[in-house]
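Fold and contact review
So the chains spell out like this:
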Amino acid sequence: MFYAIVGQDAPDSLDRRLAARPAHLERLQALQQAGRLLLAGPFPAIDSNDPGPAGFSGSLIVAEFDSLADAQAWADADPYVAAGVYAGVGVKPFKKVLPA
């Protein structure tokens with residue numbers, strides 16, 4: 001089943017985000033290579049693809065896991081959590097409808 005993982009960035013976390021990004025992307029690429037990643041990306045803090053120093057307000061990852069507990073454990077082990085980028089992370093089951 002798919003699960004939506006939504007991380008909410010802590011205030012003033014852009015420098016920590018940039019430092020932890022390579023390790024964060026490595027884990028996402030592993031999900032992609034396993035055919036389990038539906039989509040992933042950050043929420044710019046302003047209405048721009050490149051928010052510059054405004055940074056990001058969080059991230060969305062939609063990926064396939066065996067259970068909610070597995071998805072939560074994966075989210076909790078994210079480098080952004082360890083680096084203090086995310087102030088909180090929510091995980092919910094996600095049902096993909098479109099595109100079919």
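Residues numbered from 1 in each chain as written. Predicted model: local features only at pLDDT ≥ 70, side-chain atom pairs only at ≥ 80, totals over all residues. Heavy atoms only, no water.

Let's shift gears to the overall build of the protein chain. Looking only at helices and strands, the protein chain features three helices and four strands. In the protein chain, the succession of helices and strands from N to C terminus is β-α-β-β-α-α-β. Taken against the 2.2 N^0.38 rule, which gives 13 Å for 100 residues, the C-alpha radius of gyration of the protein chain at 13 Å falls within 12% of a compact globule. Dimensions along the principal axes, computed over C-alpha positions, put the protein chain at roughly 35 × 30 × 25 Å. Out of the 100 residues in the protein chain, the part that is buried amounts to 30%. Within the protein chain, residue pairs in contact and separated by at least 24 positions form 73% of the contacts whose partners lie at least 6 positions apart. For the protein chain, the accessible area works out to roughly 6000 Å², and carbon and sulfur atoms hold 56% of it. Of the charged side chains in the protein chain, 8 are positive and 11 negative; the average position of the first set lies 6 Å away from that of the second. (Helix = DSSP H or I, 4+ residues; strand = E, 2+ residues; numbered from the N terminus. Rg over C-alpha atoms; globule rule 2.2 N^0.38 Å. Buried < 20%, exposed > 50% of the residue type's maximum accessible area, 1.4 Å probe, protein only. Contact = heavy atoms within 4.5 Å. Areas by Shrake-Rupley, 256 points an atom, 1.4 Å probe, with all protein chains shown as cover. Lys, Arg positive; Asp, Glu negative; His and termini not counted. Charge placed at Lys NZ, Arg CZ, Asp CG, Glu CD.)

Turning next to helix α2 (residues 68-76). Residues of α2 that are buried: Ala 71, Trp 74 and Ala 75. One face of α2 carries all of its buried residues, which in axial projection span an arc of 100 degrees. In the core, the buried residues of α2 are packed alongside β1 (2-9), α1 (14-33), β3 (56-64), α3 (79-82) and β4 (86-94). (Arc of directions from axis to C-beta.)

Here β1 runs beside β3; their pairing, made up of seven bridges, is antiparallel. Paired with Phe 2 across the bridge in β3 is Glu 64. (Pairing = 2+ DSSP bridges.)

Throughout the structure, instances matching the rule amount to three aromatic pairs. Ring centres 5.7 Å apart and planes at 50 degrees place the aromatic pair Phe 65 and Trp 74 in the tilted group. Through a chain of ring-to-ring contacts, three or more aromatic side chains come together here, namely Tyr 3, Phe 65 and Trp 74. The side chain of Arg 27 reaches across the aromatic face of Trp 74, ending 4.0 Å from its centre. (Phe/Tyr/Trp six-rings, centres within 6.5 Å; stacked < 30°, edge-to-face > 60°. Lys NZ or Arg CZ within 6 Å of the ring centre and 35° of its normal.)

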